[in-house]
Each structure stands twice: as C-alpha cells, then as structure tokens.
Amino acid sequence: MSHSDTTDSSRPGSATSWIRFWFPTTTAVPLAICRITLVAAWLLLFAKPWDQLAVALTYDPVRIDQALILGILSFVPVETFHNYEFLHGLWLVTNIAGVLATVGLFTRTSLLTFGLGNSVLIAHLWSYGELHHPEALYCVALVLMGLSPSGRCYSIDSWIGRRSQYPDRWGPEAKMDTATWALRLVQCLLGIAYFSSGSAKMLNGGLAWWNGATLQTIVLTDYVRFGMPAGLWLIQSFWLCVAASVTTVVVEVFFFVAVFTAASRKYVLMGGVGLHMGIYLTMAAPFFTWMAMYVIFIDFESLRRRFLETETLVSGWGRRRVRA
Amino acid sequence: MAVSSLSAVVCVAAYLGSRKSPRPWSLDRRVVRLLVLTCALSLVGHLIGATAPEAFGWYAGLVDGVDLLAWAWFVCGGLAAALWLWGGLPPATTRPVGVRHLLLSALIVLVLGLQVWALFRARPTMWPFIDYPLYGAAHRAPSRAVHYRLYGLTAQEPIAFVEITAEGLGASWFVHHTQVIPQLLIDPSDVLEEFQQTLANSDFPPLQLLVPERTTFALVNSELEEFSERQVVRLDPDLSEPAEARPR
C-alpha cells in the first residue's frame, strides 16, 4: 500500500495513529488485486464441492450448534433451511456471485453475497460437531472485501464508471481512504490466529511442546491416516523434530510483526510458507487458504508504480533510438 | 513456567544489549521485576502443586495470571524489537474523521472483539470466529498413534472382505473414524441398528459380518511398530436391505 508523507496534527495522537493505520489515502489497486486473486482461487481451488457440503443434510438438525446457523434458523424455518433444494440453490447463487465478483460486475453486492453464502454453507457443514480451521478467515476476508471499494479498479464496474459522470473516482489512479482497512483487518486477524495457535502450544504444553516427542506423535497420527512419506522420514529424526517444533512456535507467535513492520514481511511470510509447506508435506494438512491470504501483505501499488516507471523508461529509450 | 523461561532469555538479551548502547526497548526494569516475581511465583506454585495439588489450586491460577502478563510483555518486546530493526509504518495522508470513519472503526472493533472473544470460549460455536489451539497438547515418548478401520464380509458370492470407508457411506471421515468405528469396537449394540440402516442405503453389497479394527502404531528406537485389535460383529440379515425394499 502506498502512503504520502504528511499527517494531520489537529487530532490527538491516538486518533491520528488509528486513522493513519486503518484509513490512509491510497489507491484501490491492492484491494482489487486481492479481490481477483482470492475469489478466483476460492472458485478454482478451495471451494468445497456440493457433494461434500450435502453431507451435512444427512445429520439431525437438532444437533446444529453454530451461532450463525442458529441465528438464521430464528428467521427461516428449519424444514426450509435444512433442505436439499434450499442449500443447493444457495450454493448455486453463491458460485454465480463469485464469478461476478471476479470480473467485477456489481462488485460490492456480488462479493458480499459470495462471502456470506460461503460462510453460511461452511458454518452449516461444521454445525454437527466436526470443525476445521482453514476456511474460516478466508470467508471473513471475502465478506470484509465485499464491504470495501474493491471494484473501483480492474473491474467491469470500473470500466463503466470511467465513462460515467465521475470518471476520476474509478480506475487505478483514483485515491480514497477506505481501500486499506479491510486488508489491514484481515492481516490483524491472521496475526491473531497465528498467535492463538503459537501461544496455545506454549500455554497448554509449555516447554514440553519442544521435546521432539510431541511433534513425533502429531506427525505419526497423521501419517497413519494419510501415509505421507515425508512424515515417516521426519518422525525418525528426533532432533529435526525438536528444531521443527521451535521454528513452528517462533513463526506462529511472531507472525503479527508482519502487520506492523512492512520490511519484516518477506521474512515472516517466507517463514509462514515454509511452515505450511512443511505441514502439508509431512501431515497432509492443507492450509493453502492461509498461504493464499498472504497476498494481502503484498504492496501491489508500489509494484504497479515500479512497472509504470520501467515502461516509461523503456518507451523513452526506444523513441530516442528511433530518432537517432 | 515455559513463558517465564522464554521471557527470561529475551530480558537478559535485551538488558545486556541496552547496557552498551541505550535502545528503545519496552523491556526495562519493570519487566525484569515482573519476570523475577513470575519466576518466583511459578517455582513456589510448582512446589506447592507437587505436594498438595488440590489445596492450592487458586495459587496456581494466580501464577498462570502473572505468567500471562509476562507473556504480554514478551510480545510487546518482540514488536518493539521488530520496529527497532525494520522501522515502523510510513506516515500517510489522512482526511478529517467522518461518519464513515466512525462506522468503519466500530466495525473493525466489532470484528476484532469477536475474534478475541472467540479465543476464550470453551467451544468454537461462533464460526467463522473460532480459536486456533492447533495441536496444543504436549506428548511424552514413546510416540503412539491409533488408527481405526472397518471391514465387512460379503453375504453373497464372491465372499470377500471389503473396506467400509466414510466416502463409500457418504459420511464424514471424522464421524466415521472417531465415533462410529470405536463404538462398534467397544459396544456395537448401541449403534449397530442405525449403522446397518446406513449400510443398507449405501452402495455396499449385503454383508454378513463387520470387523472393526484398531491399529496402534508406536515409534520405538526410530522404528515404527504396530499391533492390531479386531472385533467380529454379526449383522441382522433382515436389516441388510434398503428400508423401502423391506416387508412391512
């Protein structure tokens, strides 16, 4: 995200810091690229197939325990909601909204529908005792981007908007102060999630979590289920397990540093990618959704400016050569 | 205790570093005092806990509370160190605070509040705001893991064992492996009728026997050893047909 060099000194320091952190004046380029990347990645890679979502229909709706679904059931009768046609219709609408959100047509509405639809479908799937973690933050990110001006550039809405009464409000050069808060909030949520995971290991297990046997047991449990060869190799090397345990906790506990210090991001994110790839190769636990969300840390505005400068230099150099 | 030990390492490093050239550490004498208090309380707490664990339960809670406080300081130290190493956020242009900012700020606080609240709830029932205590428990050697499988013997030719998987039943892996098979192994009478109905409505051929199996894997001297326990469960032939095909 790009920032200018002046600050408003008429407000108290805390308010200025708050505004500077959440609402800096910048373009919507990072938000738009995150929208395209995250929605397309969900549709193509991470979306659960209908067959998997429909498994929840075989359970007794009396067991539903998720507050989101219980809230919906206070408005919609359970016979209507816990029904093949209703949930399949919701799934279809959600996917159509996802396609519209990717191309950026009625972006705000379609992205909100996409985020909320997926939240409801997955919350329903995890309402019967079973619960998995990878999709939760992704769904929150989709909803938050739906509440932001993510269609202001690189979208059909933007193409139409630039031919409207206010063309300067659309496109990659248009500046606004509401294009950053959603990305920052998702960054904070990711930091909290990692910190929760790392601190739980330290608070529940203590230093015993680093004893090597803990990681051996965890990897062994998943090895007997998924049979990952790297898992078997890891558990046979005790000291490697100790080193991996320490690295895991350090990366998780200090991931939040990436939210506040831009220059630390490449190191922290590389640590995160290494952690998740290691977990996937040894335990088959697919946290690809979290790795995909690292896209929100990338400063696409700076990259775009650098690309434009290079393009200008190259075209200027070409013109000079032609003249010569 | 673990947190205190971690804090101790960071505090000592910070203290030694700041003696030579003063730096903007948030870990100063206050945190050193807090650390000493925490370590002392932890030590006393552990000694008391080892001798009379029930009588001094409140004391252990106090120690945990102080330990958490030290943990918070430790995190502040980490952030301060990162800011010192890499610098903070660049300054940005901002406009006057408007209604939109206030509303968005309220939303931000709500979302962060919900996420933090979810971390302290006993059960994760506020999806997508949930806690992440992933693999939090510590284990001791030797490392063990248990895996459940279910086989069935077909009732008609060709007689053979088939593995009954969650996918084949259209059921959740989690429910099948952590609830259904263990129950069939321990006390089949509780779930047998319901399971046989599920089986009859699936694509599996009619079965005469079920064989739930529990395999325990143990890592001994870097070698994986395993042993299995099985149970044979006879099925009621009347329930082996789909519900709609059964005579009423």
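## Remarks on the packing of helix α11 (residues 213-226) of chain A against helix α13 (residues 238-253) of chain A
All names here are of chain A. Orientation of α11 relative to α13, taken along the N-to-C sense of each, is 95°, at an axis distance of 8 Å. By the angle between their axes, α11 is roughly perpendicular relative to α13. Of the residues in α13, those in contact with Ala-213, Leu-215 and Gln-216 of α11 are Phe-238, Cys-241, Ala-244 and Ser-245.

## Overview of the packing of aromatic side chains
One pass over the full model with this rule turns up 18 aromatic pairs over all chains. For the ring pair A:Trp50 and A:Tyr84, a centre distance of 5.5 Å and an interplane angle of 85° mean the geometry is edge-to-face. One end of the pair, A:Trp50, is in helix α3 (residues 50-54); the other, A:Tyr84, is in helix α6 (residues 84-103), and 34 residues separate them in sequence. Relative accessible area serves as the criterion here: at 9%, A:Trp50 is assigned to the buried category. Put simply, the rings of A:Tyr194, A:Phe255, A:Phe287, A:Trp290, A:Tyr294, A:Phe297 and B:Tyr132 pair up and form one aromatic cluster. Its guanidinium or amino end placed over the ring of A:Tyr59, A:Arg63 lies 5.3 Å from that ring's centre, counting from NZ or CZ.

## Some words on empty space enclosed by the protein
Residue and element names in this part refer to chain A. Within the structure shown, the criterion is met by two cavities of 30 Å³ or more. Taken together, Trp-42, Ala-47, Lys-48, Leu-53, Trp-91, Thr-94, Asn-95, Asn-118, Leu-121 and Ile-122 form the lining of the largest cavity. For the lining of the largest cavity, the secondary structure elements donating two or more residues are α6 and α7 (107-125). The class makeup of the residues in the lining of the largest cavity is six nonpolar, three polar and one charged. Quantified by volume, the second largest cavity comes out at close to 30 Å³. As for the second largest cavity, its lining consists of Trp-50, Leu-53, Ala-54, Leu-57, Leu-87, Leu-121 and His-124. When contributions to the lining of the second largest cavity are tallied by element, the ones reaching two or more residues are α3 and α7. A total of three residues in the lining of the second largest cavity trace back to one element, the largest contributor, which is α3.

## As for the confidence of the model for chain B
Residue and element names in this part refer to chain B. Put simply, chain B has an average pLDDT of 75, and 58% of its residues get 70 or more. Confidence scores differ between elements of chain B, with helix α1 (residues 2-20) showing the lowest mean pLDDT of 56 and helix α4 (residues 99-119) the highest of 93. Note on residues 19-26: pLDDT is under 50 here. Beyond four places in sequence and across chains, it has 12 contacts. Below pLDDT 50 for its whole length, residues 89-94 participates in 29 contacts with residues either more than four positions away or in separate chains.

## Side note on the packing of helix α1 (residues 13-22) of chain A against α4(B)
Taken N-terminus to C-terminus, the directions of α1(A) and α4(B) make an angle of 80°; their axes are 12 Å apart at the nearest point. Taken as axis vectors, α1(A) and α4(B) run roughly perpendicular relative to one another. On α4(B), the residues touching A:Trp18, A:Ile19 and A:Trp22 of α1(A) are B:His101, B:Ser105, B:Ile108, B:Val109 and B:Leu112. The residue makeup of the contact of α1(A) with α4(B), split by class, is six nonpolar, two polar and no charged.

## Details of unusual backbone geometry
Residues and elements named next belong to chain B. Between Trp-127 and Pro-128 the backbone carries a cis peptide bond, its omega angle lying at 10°. Cis geometry is adopted by the peptide bond preceding Pro-158, which originates at Glu-157 and carries an omega value of -5°. Among the secondary structure elements, Pro-158 is positioned in the loop between β1 (144-154) and β2 (161-163). Backbone geometry at Tyr-135 places phi at a positive 55°, although glycine is not the residue there. Within the secondary structure, Tyr-135 is located in the loop between α4 and β1.

## Things to note about the interface of chain B and chain A
Each side of the interface is counted separately: chain B has 69 residues, and chain A has 90 residues. A combined buried area of about 7000 Å² lies between chain B and chain A, and 71% of that area is made up of carbon and sulfur atoms. One salt bridge in this structure joins A:Asp65 and B:Arg123, with 2.8 Å as the shortest N-O distance. Connecting chain B to chain A are 16 residue pairs in polar contact (both at pLDDT 80 or more). Breaking the side of chain B that touches chain A down by element, the ones donating at least two residues are α1, α3 (57-86), α4, β1, α6 (173-186) and β3 (207-220) of chain B. The biggest single contributor to the side of chain B that touches chain A is α4(B), with 12 residues.

## Side note on the pattern of salt bridges
Residues and elements named next belong to chain B. Overall, the coordinates contain nine salt bridges over all chains when judged by the stated rule. The shortest N-O distance in the salt bridge between Arg-214 and Glu-229 comes to 3.2 Å. Here Arg-214, found in strand β3, pairs with Glu-229, found in strand β4 (residues 223-230); they are 15 residues apart in sequence, far enough to count as distant. Judged by its relative accessible area of 32%, Glu-229 falls in the partly exposed class.

## Focus on helix α2 (residues 29-46) of chain A
Since the α-helix turns once every 3.6 residues, residues separated by three or four places project in the same direction. With 18 residues, α2(A) ought to run about 26 Å at 1.5 Å a step, and its terminal C-alpha atoms sit 24 Å apart, in line with that. Of the positions making up α2(A), those classed as buried are A:Val29, A:Pro30, A:Leu31, A:Ala32, A:Cys34, A:Arg35, A:Leu38, A:Val39, A:Ala41, A:Trp42 and A:Phe46.

## Considerations on helix α10 (residues 181-205) of chain A
Residue and element names in this part refer to chain A. With 25 residues, α10 extends 35 Å between its outermost C-alpha atoms, agreeing within 8% with the 36 Å of an ideal straight helix rising 1.5 Å per residue. In terms of residue burial, α10 counts as a mostly covered element, since 22 of its 25 residues are buried. Of the residues one or two after α10, Gly-206 is the one with positive phi, at around 70°.

## Observations concerning the environment of B:Glu157
Residues and elements named next belong to chain B. Mapped onto the elements, Glu-157 comes out in the loop between β1 and β2. The exposed category is assigned to Glu-157, whose relative accessible area is 70%. The spatial distance from the C-alpha of Glu-157 to the C-alpha of Ser-202 is 19 Å, given a sequence separation of 45 residues.

## Structural notes on the pairing of β4(B)
Residue and element names in this part refer to chain B. Sheet topology note: the β3/β4 ladder contains eight bridges and is antiparallel. Within the sheet, the bridge partner assigned to Thr-215 lies in β4 and is Ser-228. Between β3 and β4, which pair antiparallel in sequence order, lie two residues; one of them, Asn-221, sits at a positive phi of approximately 50°.

About the cut-offs
Residues numbered from 1 in each chain as written. Chains lettered and ligands numbered in written order. Predicted model: local features only at pLDDT ≥ 70, side-chain atom pairs only at ≥ 80, totals over all residues. Heavy atoms only, no water. Axes fitted to C-alpha atoms, helices over the stretch in contact; angles between N-to-C directions. Helix = DSSP H or I, 4+ residues; strand = E, 2+ residues; numbered from the N terminus. Parallel < 35°, antiparallel > 145°, perpendicular 65-115°, else oblique. Contact = heavy atoms within 4.5 Å. Phe/Tyr/Trp six-rings, centres within 6.5 Å; stacked < 30°, edge-to-face > 60°. Buried < 20%, exposed > 50% of the residue type's maximum accessible area, 1.4 Å probe, protein only. Lys NZ or Arg CZ within 6 Å of the ring centre and 35° of its normal. 1 Å grid on protein atoms, 1.4 Å probe; cavity = no way out; pocket = protein on both sides within 12 Å on 5 of 7 lines; lining within 4 Å. Points joined across faces, edges and corners; volume = space filled by probe spheres on them. Nonpolar A, V, L, I, M, F, W, Y, C, P; charged D, E, K, R; others polar. pLDDT = per-residue confidence, 0-100. Buried area = accessible area lost by both parts, 1.4 Å probe. Salt bridge = Lys/Arg side-chain N within 4 Å of Asp/Glu carboxyl O. Polar contact = N/O pair within 3.5 Å; in protein donor to acceptor, adjacent residues only side chain to side chain. Expected span 1.5 Å × (residues − 1). Pairing = 2+ DSSP bridges.

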